[in-house]
Amino acid sequence: MYYSSLDLFAAQRSVAIRQAGRIMRPQRTHLRAVKRKLSICLDPGHGGADSGATYGMTEEKTKVLQFALASRYRLTREDSCNVSMTRETDWKPTFTARADTARQSGASLAISIHINASNSKKANGLWLFHKHGCEESRMLCALASEFIPSQWRNDFRVFDAHDNPLVSGDDWLSRPEHVLRLYPCQAILVEWGFITNQLDYGYLCSPRAHTDFVDFVSSIVRAHAVQGAT
Ligand SMILES: [Zn+2]
């Protein structure tokens, strides 16, 4: 599903974006404008013996933990959120344990963080997955189309967690997207580029990929705040 299909949500999205714009200015006070303090669960994928996708010496598990830690800093210090994390070091929680972290912290949104890989070196871009059957999660992915970094302006796709085109049959049960089904709240999974694509890899190894990721997650959380406020 290409994000152009998200026009289905155009009316709702335009309202939410206008509301988000009001809240987002000035940027550092936008979430304080929403009375309720948000609780967000960040879920860096893989860990321990499971490195996730690798390319050369670069391991997905390490990159996504760095992204998550930087995002936690932004969300707690500047966006006034409560943030829980499924892991803060190099170990691998089970899917159930990850969902329990969100449940115990009372999170209203879980964001799983990954980096993609493909046998095709041409595959690239930012992919989002939303929790199957969760309209709010799907709407949040629609809102995210407003916040994608310039790197992937034309390479952004959204999928239902059951519809990963890289997965066939029931293989999705062993895939990271499966964790979304277990979360007791809204949940999305971010595949922040393809480690197997030359352009994406260069970007992923740059400081800009980190700052863009933190900005992206912060924007998603702002949109989520607006969802909860309406
Ligand atoms: Zn992964």
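Above this text is the structure in question.
As the structure is a computational prediction, the values presented were derived from the model and not from experiment. (Residues numbered from 1 in each chain as written. Predicted model: local features only at pLDDT ≥ 70, side-chain atom pairs only at ≥ 80, totals over all residues.)

Regarding the nonpolar core
Step number 1: Of all hydrophobic cores here, the largest spans 58 residues; its most connected members are Ile40, Ala110, Ile111, Ile188 and Val221.
Step number 2: Here this core gets 10 residues from one element, more than from any other, and that element is helix α7 (residues 207–229).
Step number 3: Ignoring anything within four residues of it in the chain, the contact list for isoleucine 188 reads Ile111, Leu128, Phe129, His130, Ser137, Leu140 and Cys141. (Core = buried A, V, L, I, M, F, W, Y, C linked by C-beta atoms within 7 Å. Buried ≥ 20, exposed ≤ 12 C-beta atoms within 10 Å, placed from the backbone. Helix = DSSP H or I, 4+ residues; strand = E, 2+ residues; numbered from the N terminus. Contact = placed C-beta atoms within 7 Å.)

A look at the sheet that holds strand β6 (residues 126–130)
Step number 1: Read across the sheet, six strands follow the order β4-β1-β5-β8-β6-β7 without closing on themselves; strand pairing throughout is mixed. Strands with a single pairing partner mark the edges of an open sheet, and in this sheet they are β4 (82–85) and β7 (156–160). The sheet shows a mean angle of 20 degrees between the axes of neighbouring strands, direction not considered.
Step number 2: As paired elements, strand β5 (residues 109–116) and strand β8 (residues 186–194) share seven bridges and run parallel to each other. Residue pairing in the sheet places asparagine 116 in a bridge with phenylalanine 194 of β8.
Step number 3: The sheet contacts of helix α2 (residues 60–77) involve β1 (39–44), β4, β5 and β8, and relative to β5 the element is tilted by about 145 degrees. (Pairing = 2+ DSSP bridges. Axes fitted to C-alpha atoms, helices over the stretch in contact; angles between N-to-C directions.)

Let's talk about helix α4 (residues 135–144)
Step number 1: Of all 10 residues in α4, eight are buried; the element is thus mostly enclosed.
Step number 2: If you check which residues of α4 are buried, you get Ser137, Arg138, Met139, Leu140, Cys141, Ala142, Leu143 and Ala144.

Brief notes about the environment of glutamine 104
Step number 1: Here glutamine 104 lies in helix α3 (residues 95–105).
Step number 2: Along the sequence, glutamine 104 and proline 184 sit 80 residues apart, while their C-alpha atoms lie 10.0 Å from each other.

Examining the pairing of β6
Step number 1: Counting buried residues along β6, five of its five residues qualify, which places the element largely inside the surrounding structure.
Step number 2: Bridge count between β6 and β7: five bridges; the pairing is parallel. Bridging across to β7, tryptophan 127 finds its partner in arginine 157.
Step number 3: Once the chain exits β6 it traverses α4 before rejoining the sheet at β7, and the crossover so formed is right-handed.
Step number 4: Bridge count for β6 against β8 is five bridges, and the pairing is antiparallel. (Right-handed = clockwise from strand over helix to strand, strands pointing away.)

Details of the pairing of β5
Step number 1: Within β5, eight of the eight residues are buried, leaving the element largely enclosed by the surrounding structure.
Step number 2: In β5, alternate side chains face the same way, and those of Leu109, Ile111, Ile113 and Ile115 on one face and Ala110, Ser112, His114 and Asn116 on the other are all buried.

Overview of unusual backbone geometry
Step number 1: Even without being glycine, histidine 46 reaches a positive phi, approximately 65 degrees.
Step number 2: For histidine 46, the position within the fold is in the loop between β1 and β2 (54–55).
Step number 3: Among the residues examined, histidine 46 registers 23 C-beta atoms within 10 Å and is labelled buried.
Step number 4: At serine 80, a residue that is not glycine, the phi angle is positive and equals roughly 55 degrees.

This is a description of form; function is not addressed.
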